Amino acid sequence: MNKILLAGCGGFIGASARYIISIASTKLLPSNFPYGTFIVNVIGCFLIGVIMEMSYRYGNISDNMKVFLTTGILGGLTTFSTFSNETVELFLKGKTITSILNVLLNVILCLVGVYIGKMIISKTL
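Just so we're clear, the structure is a prediction, and the values are computed from it rather than from any experiment.

**Comments concerning the UniProt feature "binding site: Na(+)" (unreviewed entry) in the chain**
Part 1: Summarizing the sequence annotation, UniProt attributes the feature "binding site: Na(+)" (unreviewed entry) to G75 and T78 in the numbering used throughout.
Part 2: Residue position: G75 is located in helix 3 (residues 63-77).
Part 3: On the accessibility criterion, T78 (5% relative accessible area) is buried.
Part 4: Each residue touching T78, except ones within four places of it in the same chain, is listed here: R18, V40, N41 and G44.
Part 5: Within the structure, T78 has its side chain in polar contact with the backbone nitrogen of F80 (distance 2.9 Å).

**A few points about the nonpolar core**
Part 1: Counting residues in hydrophobic clusters, the biggest one holds seven residues: V40, I48, I51, M52, I61, L74 and L77.
Part 2: Element by element, the count of residues in this core is highest for helix 2 (residues 35-58), at four residues.
Part 3: Those residues in contact with L77, other than ones at most four positions away along the chain, are G14, A15, A17, R18, I21, V40, I43 and G44.

**Describing the packing of helix 1 (residues 2-28) against helix 3**
Part 1: Close contact between helix 1 and helix 3 brings their axes to 6 Å; oriented N to C, the two are set at 35°. Between helix 1 and helix 3 lies a crossing of right-handed hand.
Part 2: For the contact of helix 1 with helix 3, the per-class residue count stands at 11 nonpolar, eight polar and three charged.

**As for the packing of helix 2 against helix 4 (residues 80-92)**
Part 1: Remark: helix 2 packs on helix 4, axes separated minimally by 8 Å, with the N-to-C direction vectors making an angle of 50°. Here helix 2 lies oblique to helix 4, going by the angle between them. When the axes of helix 2 and helix 4 are compared, the crossing they make is right-handed. Along the contact surface, helix 2 presents N41, G44, C45, I48, M52 and Y56, while helix 4 presents F80, S81, T82, S84, N85 and E89.
Part 2: Taken together, the residues that form the contact of helix 2 with helix 4 break down as five nonpolar, six polar and one charged.

**Remarks on helix 2**
Part 1: Between its terminal C-alpha atoms helix 2 stretches 34 Å, which fits the 34 Å expected from 24 residues at 1.5 Å a residue.
Part 2: Residues G36, V40, N41, G44, I48, I51, M52 and S55 constitute the buried set of helix 2.
Part 3: Buried residues along helix 2 sit in contact with helix 1, helix 3 and helix 4.
Part 4: Immediately downstream of helix 2, the backbone of G59 shows phi near 65°, a positive value.

Thresholds applied
Chains are numbered independently. Their residues run from 1 in the order of the written sequence. This being a predicted model, a pLDDT of at least 70 is required before a residue's local features are given, and a value of 80 or more before pairs of side-chain atoms are given or counted; all residues contribute to the totals for chains, interfaces and linings. By convention in this description, side-chain values take in all heavy atoms of the structure and omit both hydrogens and water. UniProt positions are given in the numbering used here, feature names are shortened, and annotations may be inferred rather than shown by experiment. The helix count covers DSSP runs of H or I at least four residues long, the strand count covers runs of E at least two residues long, and both are numbered beginning at the N terminus. Type-normalised accessible area, obtained with a 1.4 Å probe on protein chains alone, sets the label of each residue: buried when under 20%, exposed when over 50%, and partly exposed for intermediate values. By the convention used here, residues are in contact when the closest approach between their heavy atoms is within 4.5 Å. Whenever two N or O atoms come within 3.5 Å, that pair is a polar contact, provided that in protein one can donate a hydrogen and the other can accept it, and provided that, for residues adjacent in sequence, both atoms are side-chain atoms. The criterion is simple. A nonpolar core is a set of buried Ala, Val, Leu, Ile, Met, Phe, Trp, Tyr and Cys residues joined through side-chain atoms within 4.5 Å. Inter-axis angles, ranging from 0 to 180 degrees, are taken between N-to-C directions of lines fitted to C-alpha atoms, where helices are fitted over the stretch in contact. Left-handed is the label given to a crossing in which the near helix is rotated counterclockwise from the far helix by less than a right angle, and right-handed is the label when the rotation is clockwise. Asp, Glu, Lys and Arg are counted as charged, while Ala, Val, Leu, Ile, Met, Phe, Trp, Tyr, Cys and Pro are counted as nonpolar; the rest, among them Gly, fall into the polar class. An angle below 35 degrees is read as roughly parallel, one above 145 as roughly antiparallel, one from 65 to 115 as roughly perpendicular, and any other as oblique. Take the number of residues in a helix, subtract one, and multiply by 1.5 Å to get its expected span.

Below, the structure written as structure tokens:
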């Protein structure tokens, strides 16, 4: 139960940060590109890389802190960071084909899922 609360509290922080970054990016940057999403994805991926490598290499991040930071804050900020970390881990373990398959399946099927969801709703409303 403790880890669920940590993930939830971190998620609140991450989702709030994502919202603030999105608002700021629309005010400060041109609107011809989804800069807010791009910014949180890059920041989230960088941070999960730092956190996970520190945890693996030095062991100085407790399991509870990892849940709070990665599942919570970074999960609220962007799930792209988790996807990216898992893909890099597969690659580093020598599972190159699996890492490429992970990228292709996630990107293609998620885009198809969004498209189908939009089409279903646009046809029924």
